[in-house]
Amino acid sequence: MLKKKNISASKASLVLFLCQIISALDVPLDLLQPPTITQQSPKDYIVDPRENIVIQCEAKGKPPPSFSWTRNGTHFDIDKDALVTMKPNSGTLVINIMNGGKAEAYEGVYQCTARNERGAAISNNIVIRPSRSPLWTKEKLEPNHVREGDSLVLHCRPPVGLPPPIIFWMDNAFQKLPQSERVSQGLNGDLYFSNVQPEDSREDYICYARFNHTQTIQQKQPISVKVFSMDSLNDTIAANLSDTDIYGAKSVTERQPVLLTPTGSTSTKVELRGNVLLLECIAAGLPTPVIRWIKEGGELPANRTFFENFKKTLKIIDVSEADSGNYKCIARNTLGSVHHVISVTVKAAPYWITAPRNLVLSPGEDGTLICRANGNPKPNISWLANGVPIAIAPEDPSRKVDGDTIIFSHVQERSSAVYQCNASNEYGYLLANAFVNVLAEPPRILTPADKLYQVIADSPALLDCAYFGSPKPEIEWFKGVKGSILRGSEYIFHYNGTLEIPVAQKDSSGTYTCVARNELGKIQNEVQLEVKDPTMIIKQPEYKVIQRYGQVSFECIIKHDSTLLPTVIWLKDNDVLPDDERFLVGKDNLTIMNVTDKDDGTYTCVVNTTLDSVSASAVLTVVARPNPPFDLELTGQLERSIELSWIPGDENNSPITNFVIEYEDGLHEPGVWHHQTEVPGTQTTVHLKLSPYVNYSFRVIAVNEIGRSQPSEPSEQYLTKSASPDENPSNVQGIGSEPDNLVITWESLTDFQSNGPGLQYKVSWRQKDVDDEWTSVIVANVSKYIVSGTPTFVPYEIKVQALNDLGYAPEPSEVIGHSGEDLPMVAPGNVQVHVINSTLAKVHWDPVPLKSVRGHLQGYKVYYWKVQSLSRRSRRHVEKNILTFRGNKTFGMLPGLEPYSSYKLNVRVVNGKGEGPASPDKVFKTPEGVPSSPSFLKITNPTLDSLTLEWGSPIHPNGVLTSYILKFQPINNTHELGPLVEIRIPANESSLILKNLNYSTRYKFYFNAQTSVGSGSQITEEAVTIMDEVQPLYPRIRNITTAAAETYANISWEYEGPDHTNFYVEYGVAGSKEDWKKEIVNGSRSFFVLKGLTPGTAYKVRVGAEGLSGFRSSEDVFETGPAMASRQVDIATQGWFIGLMCAVALLILILLIVCFIRRNKGGKYPVKEKEDAHADPEIQPMKEDDGTFGEYSDAEDHKPLKKGSRTPSDRTVKKEDSDDSLVDYGEGVNGQFNEDGSFIGQYSGKKEKEPAEGNESSEAPSPVNAMNSFV
């Protein structure tokens, strides 16, 4: 809501224009001129008799006028009265009443005359009357005895005062008496009762008269009213009268309307034009009549008609002659109607049509004074000259009187005078002074030179050129000092010399010149006009709804002319903001903290400059939870129902959506309230169903969108009578806890549901499908009963019935329960296994007989475990897997099997008691699958035309390896790939020298293993042949190796190239799209420990060098070990064990040397190549999990250390570990990484591990066996 106001808007321009017309006719005070009355007291001047009387009379003229007074038509000599003084240089009289004078002595009609050599001006006749506030006359008031239903008028009759007093009725406690359609005060001050009621009886009806002028209040004697009814009258006279009409009369007799005021059917009313017309009709009757007003032959004037005093008073403001006519009031009730016609005549005291204006003429000019007035009746017009009737005034040959006009011809200087026009009729008079001033003066411009006018663009600009001269000068306007004369429709030239530019634009700015000329001379004046940009609110405050105690902010962002300084003020409901620190006024906003209900309203941002004002408003609605309901009332009390009603509290600007009714049981749960029901927010009465034997109290909560109100005050209490229970316990069950019992349970009734004292339960049961009688027992208020000596798992019919001291509940329904279960007796038979593929098998079995289950059949459990891998001689710790198949299912799928492995399984039936016996173990084998990727691929010893490749066998071969597939291709400088070469390598090889390669060429290698099923996943690597025999300086990071534990991993790598010490490690969760995490490596180390990893999670990792854009290794993937429930003490950290292991390692080393010598003697075997491939711990990093070196094993166990080991950090071996890991045979892991990534470890011997089931055993190879494996 945006409002805008310009200082020079159209209305303001009209006012300014009128003011300037007047000022243009004013004669400058330095020139001779007749007197002009500038200030005088009102015609009817009522004065306070306790204060001095001041009668004003001020005038101007040249020379300054002298003053004289008349009183009651004769000269008033103020010098003869010491109490009367005249103010210096003024005609104002001061009558000193406070020093002993009496106001009554100075009552009369006063008139002031201001006179100088050019004429005399006179004031109105000023009637001085002191105000009066007389006391009430003493009178004896008899009590008013009125029959109920009759009408009554209590007369006030206040004393006559000046001015008339204001009347009101109050009681002894100074409280206003309530008024209504039935009881109201008339315009004359009387109190009217259309019909009296018993409650009208009282002894203190007091009429008060307030005299505002003297600030006094007069009080009438109290009036007593006693209302009696026909019933009481009949009782009083019954013993003396037998008139059945009286004795049997109605207590109150209804009556049709009768007018109390005005009386009769017609009346007249005269009102003066411009006054307020008040018409009144007050009627008696029972029922109370209703008043309606109409105007015969016309409509009541719109926008000026008002109804007051319960429509008993018709009020028309600013009446005119058109409002004359007949006005009818109609009083109506159910028994009939009555009407009254008031004939209204509007008369008029004289009012101006054209008042005479001062006339300035030059010698020899002509002119006229016009005095025209109207009224009803038409006023008489009379002229005076210098206060004397013109008929007896000195003759003036240049003057001629023609009714309401005086015509002047060829005036001379002696023609100057003051003329008075008097228009009068029986209702009043008008008196106007107008002078004729004969002067010969050259032009004057009264507007200051170079006056600056500032206006807002697109609004009118009014440039003033106030002037004077005699004869009257002609005015012309120019833009600029030497511009052309302004003409055209874009300008308006006013009579008083003002230039108006109706729509000023920015290019309207500049200098404007006003030129005034007459026959005596010429003068000009320059003014400046600046047109400013309008002030605008570009971001207005918006309507806000805020919860109580919240915070709200209104914005008011403005744009304004840079040369104007705006001021911003905020208003609340068009008044200043409350003086409250919660209101924070910022540069362009208003913030209200901790909003309360009283902050609700309209907020207005008002922006003021010296030229314009704009405002924008927004409404703030403060919402809150409703106020609690009140006045709860219980009605219609019955044994099982009641009516509850209430009055809603304030909804706080958010409509109430519903009411929540809660009850309290003061008998069983005092202080605890329960939900009873809910009703819509428009409903304030509800019918509630009740339960027996409850001491009810109710409360109501109102709910709106903001939340729930506080609960209402509780209602009165209501205690219902006791009765037998209406319902039986719920959730009755029969379940045995032992094979020979039946436990019957139920949910007990609450005290609320008991319906009376002495709550008990009758428990009954009998075996189903057996012709047995019911066995019953009555128990106290409990929720369980145990029946002993029952057969195992047989069905029973059960029922539980509630009872109390007043009787039984209705017959309960029966439920089926069972006595206790026992373990199943029989294992499933005919267990068959069908292997679907290398990782999935399907198992079948025959169901057991239901009688042998001896309980509720819950399903079957399949236990299965891996016995060994068929590709190794190794065995592993056995951990059984369990799959449960619900219900009477006879088959199931076994997923997640390991390829090329031997498994066992058995099947067991399950009931509620537990598992039955296991079926005989069934052995099955899984076929081969494709292998995992080789554990590593390293490329070493680059020459001009060759590279050496070394690799580790797959961690999971998943069968018998048949070969390795190597593919490679060159990469040019633009990273384009060359032709692909493929080589098949025997499965027992672990290294290869590629020859005949191009020098200084980068190659990309793809490497994977194969079984008879197919190829496994591949790993890739890149390498470069050298340009010459000098060690290559190109940077490269390769052979990333990871050794992972539960929450950390050791990352190691090889770097080739110039010295570079700023490495970093990037890692993240494998398969995740999250950004890589980066860790900086201190120094020139080629290893780093990643900490804080999540157990059992696959990670991706790569290594890079700082400062070399895009220089980083290829990605590697590893997986942390699973989280363990507990930690075991690592024996490998004990000193005695370390010493023992060192001795064993030394012995193994000696035996290896002996084996090497003996083999060289017995035949050629490429042991030296394998030693070279595994001897360097930097190329073949040690495993973190077991701390062993990559030593040789026998032919079947010739596997390198596992990459990304899953061995947990507490050194225990889980079922997920690879069969061929060396750690499977170790007592514990004896190798650890320090915090800097260095390795501490020792050799460990291999210790036998027993399978979990103990079904098979194997012997760990001794040092002698290890030696024999090389022979």
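Residues numbered from 1 in each chain as written. Predicted model: local features only at pLDDT ≥ 70, side-chain atom pairs only at ≥ 80, totals over all residues. Heavy atoms only, no water.

A. Broad picture of the confidence of the model for the protein. Mean pLDDT for the protein: 85, with 85% of residues reaching 70 or above. When the criterion is pLDDT under 50, residues 241-249 qualifies, and its contacts beyond four places in sequence or with other chains add up to 8 contacts. Scored below 50 in pLDDT, residues 1125-1130 shows 10 contacts in the model against residues more than four places distant or in partner chains. (pLDDT = per-residue confidence, 0-100. Contact = heavy atoms within 4.5 Å.)

B. View of the sheet that holds strand 77 (residues 891-894). Spatially, the 3 strands line up as an open sheet ordered 73-74-77, and their pairing is antiparallel. The open sheet has two edge strands with one neighbour each: strand 73 (829-837) and strand 77. Looking at each pair of strands side by side, their axes are set apart by 20° on average, direction ignored. (Pairing = 2+ DSSP bridges. Helix = DSSP H or I, 4+ residues; strand = E, 2+ residues; numbered from the N terminus. Axes fitted to C-alpha atoms, helices over the stretch in contact; angles between N-to-C directions.)

C. Fine view of the state of the cysteines. The full count for this structure, using the stated rule, is 6 disulfides. There is a disulfide in this structure between Cys 156 and Cys 207, and the S-S distance comes to 1.9 Å. Across the disulfide from Cys 156 to Cys 207, rotation about the S-S bond amounts to roughly -70°, and the bridge is consequently left-handed. Here the residue Cys 156 occupies a position in the loop between strand 14 (152-154) and strand 15 (166-170), and Cys 207 occupies one in strand 18 (residues 202-211), the gap between them amounting to 51 residues. Side by side, Cys 156 and Cys 207 carry an identical accessibility label, which is buried. (Disulfide = S-S within 2.5 Å. Buried < 20%, exposed > 50% of the residue type's maximum accessible area, 1.4 Å probe, protein only.)

D. How the structure looks around the nonpolar core. The biggest cluster of nonpolar side chains holds 27 residues, and the ones touching the most others in it are Ile 53, Ile 55, Trp 69, Ile 95 and Tyr 110. Of all elements in the fold, only strand 4 (53-55), strand 6 (66-71), strand 9 (93-95), strand 10 (108-116) and strand 12 (126-130) reach the threshold of two or more residues within this core. When residues of this core are assigned to their parent elements, the largest contribution, 3 residues, is made by strand 10. (Core = buried A, V, L, I, M, F, W, Y, C linked by side-chain atoms within 4.5 Å.)

E. Examining the sheet that holds strand 64 (residues 718-719) more closely. Strand order across the open sheet formed by 4 strands is 61-60-63-64, with antiparallel pairing between neighbours. Edge positions in the sheet fall to strand 61 (669-680) and strand 64, since each of these pairs with one other strand and no more. Two strands pair when backbone bridges link them, and strand 63 (residues 695-704) and strand 64 are joined in this way by 2 bridges, in the antiparallel orientation. Its bridge partner lying in strand 64, Asn 695 is registered against Leu 719.

F. Structural view of the side chain of Thr 1001. Mapped onto the fold, Thr 1001 is located in the loop between strand 84 (991-994) and strand 85 (1002-1011). Given the relative accessible area of 15%, Thr 1001 is considered buried. Here Tyr 999 takes part through its backbone oxygen, which lies 2.9 Å from a polar atom of the side chain of Thr 1001. Beyond its immediate sequence surroundings of up to four residues, Thr 1001 is in contact with Pro 970, Ala 1023, Val 1024 and Thr 1025. (Polar contact = N/O pair within 3.5 Å; in protein donor to acceptor, adjacent residues only side chain to side chain.)

G. Broad picture of the pattern of salt bridges. Throughout the structure, instances matching the rule amount to 37 salt bridges. Lys 572 is the salt-bridge partner of Asp 573, the closest N and O atoms lying 3.2 Å from each other. Asp 573 gets classed as partly exposed once you look at its relative accessible area, which sits at 42%. What makes Lys 572 buried here is its relative accessible area of 11%. A single network of salt bridges, built from pairs that share partners, joins Asp 171, Arg 202 and Asp 204. (Salt bridge = Lys/Arg side-chain N within 4 Å of Asp/Glu carboxyl O.)

H. A look at the side chain of Thr 1097. Inspection of the secondary structure assignment puts Thr 1097 in the loop between strand 91 (1087-1090) and strand 92 (1098-1105). Engagement of the side chain of Thr 1097 in a polar contact is seen with the backbone oxygen of Thr 1094, the distance being 3.2 Å. Apart from the residues within four sequence positions on either side, Thr 1097 is in contact with Val 1069, Phe 1118, Glu 1119 and Thr 1120.

I. Spatial organisation of the packing of aromatic side chains. Taken as a whole, this structure holds 26 aromatic pairs when the rule is applied. Between Phe 554 and Tyr 603, the aromatic rings sit 5.5 Å apart at their centres with planes inclined by 25°, giving stacked as the arrangement. Of this pair, Phe 554 sits in strand 50 (residues 552-555) while Tyr 603 sits in strand 56 (residues 601-608), and the two are 49 residues apart along the sequence. Here Phe 554 falls in the buried class, since its relative accessible area comes to 0%. A connected cluster of aromatic rings, assembled from ring pairs, spans Tyr 663, Tyr 696, Phe 698 and Phe 752. In this arrangement the basic side chain of Lys 842 is found over the ring face of Phe 891, its NZ or CZ atom lying 4.9 Å from the centre. Over the ring of Trp 865 we find Lys 880, and its NZ or CZ is 4.3 Å from the ring centre. (Phe/Tyr/Trp six-rings, centres within 6.5 Å; stacked < 30°, edge-to-face > 60°. Lys NZ or Arg CZ within 6 Å of the ring centre and 35° of its normal.)

J. View of unusual backbone geometry. Cis geometry is adopted by the peptide bond preceding Pro 163, which originates at Leu 162 and carries an omega value of -10°. One can find Pro 163 in the loop between strand 14 and strand 15. Following Ser 470, the chain continues into Pro 471 via a peptide bond in cis, with omega recorded as 5°. In this structure, Pro 471 sits in the loop between strand 42 (467-470) and strand 43 (474-479). Located in the positive-phi region is Asn 303, a residue other than glycine, with phi close to 70°.

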